[in-house]
Amino acid sequence: AHLARKEKYVKDLEEIFDRIDQNHNGTITLKEFEEVMMQDPRTTHAEPWKASLEKAQLDIQVIFDAMDITTDTAWHLFRLLIGDDKQRIDLDTFVEGCLRLQGTAKTMDLKMLTYESEWTMKKVDDIMKYLEAWDVKFQQLFSPPVCTKAVPPPNGYSL
């Protein structure tokens, strides 16, 4: 039963993706996502493509509701999936991300998040220590010597 439900969700998410991918290039942008998700479904438009957009939004909302995913959560997911360096996501990334959002966080999810956060913080700390050590070495190698005052030669010696 669980596998059949998951397969149905995957099929539904693929359909959502196709509806959001308005130019049918195999990827979706934040702009495409927002155009579908933020459209007010109660408004009426004379343009046939807008009616199709409204139907897509209603269908998407029904599917997300069945999966316990809010539109707001899906929008945040999209922002996380595209990150800072990408502007598009593909079908597999979208489906996998939505499936991970489904339902509430499990203890394993939280443990994994805690572990990854601690691992990342340790790596950042290691990098900071390494950079600080290099800064000290750099200062020693390239800083001009500091002279506070001239020391006279010992008795009996002259320069």
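Coordinates for the structure precede this section.
Being a predicted model, the structure only gives us computed values, none of them experimental. (Residues numbered from 1 in each chain as written. Predicted model: local features only at pLDDT ≥ 70, side-chain atom pairs only at ≥ 80, totals over all residues. Heavy atoms only, no water.)

Colleague: Could you clarify how one ought to interpret the nonpolar core in this entry?
Modeller: Grouped burial of nonpolar side chains is what soluble globular proteins tend to show. L13, I16, I20, F64 and F94 are the most contacted members of the largest nonpolar core, which totals 23 residues. Mapped by element, the contributors of at least two residues to this core are α1 (2-20), α2 (30-37), α3 (48-66), α4 (71-82) and α5 (91-101). The biggest single contributor to this core is α1, with 5 residues. (Core = buried A, V, L, I, M, F, W, Y, C linked by side-chain atoms within 4.5 Å. Buried < 20%, exposed > 50% of the residue type's maximum accessible area, 1.4 Å probe, protein only. Helix = DSSP H or I, 4+ residues; strand = E, 2+ residues; numbered from the N terminus.)

Colleague: Can you help me understand the packing of aromatic side chains in this one?
Modeller: Ring pairs (aromatic) are described by centroid distance and by the angle formed between their planes. Enumeration over the complete set of coordinates arrives at 3 aromatic pairs. Taken together, a centroid distance of 5.8 Å and an interplanar angle of 55° make the contact between F17 and F94 tilted. Placement of F17 in helix α1 and of F94 in helix α5 is noted, with a sequence separation of 77 residues between them. Comparing F17 with F94, the two get one shared label, buried. Seen from their ring centres, Y130 and W134 are 6.4 Å apart, and the 65° between their planes marks the pair as edge-to-face. Pair noted here: Y130 and W134 are both in helix α6 (residues 107-142), with a separation of 4 residues, about one helical turn. (Phe/Tyr/Trp six-rings, centres within 6.5 Å; stacked < 30°, edge-to-face > 60°.)

Colleague: In this structure, what is going on with unusual backbone geometry? I would like to understand it.
Modeller: Note on backbone geometry: most residues besides glycine have negative phi, and most peptide bonds are trans. Look at H24: it is not a glycine, yet its phi comes out positive at around 55°. Topologically, H24 is positioned in the loop between α1 and β1 (27-29).

Colleague: How should the pattern of salt bridges be read in this particular structure?
Modeller: For side chains of opposite charge, pairing can occur when their charged atoms come near one another. Tallied over the full model, the rule gives 4 salt bridges. Measuring nitrogen to oxygen at the nearest pair gives 2.9 Å for the salt bridge that ties R19 to E15. Of this pair, R19 and E15 are both found in helix α1, 4 residues apart, which corresponds to roughly one turn of the helix. Under the relative-accessibility criterion, E15 is labelled partly exposed at 31%. With a shortest N-O distance of 3.1 Å, K122 and D126 are connected by a salt bridge. In this pair, K122 and D126 are both assigned in helix α6, 4 residues apart and thus about one turn of the helix distant. The class of D126 is partly exposed, set by a relative accessible area of 31%. (Salt bridge = Lys/Arg side-chain N within 4 Å of Asp/Glu carboxyl O.)

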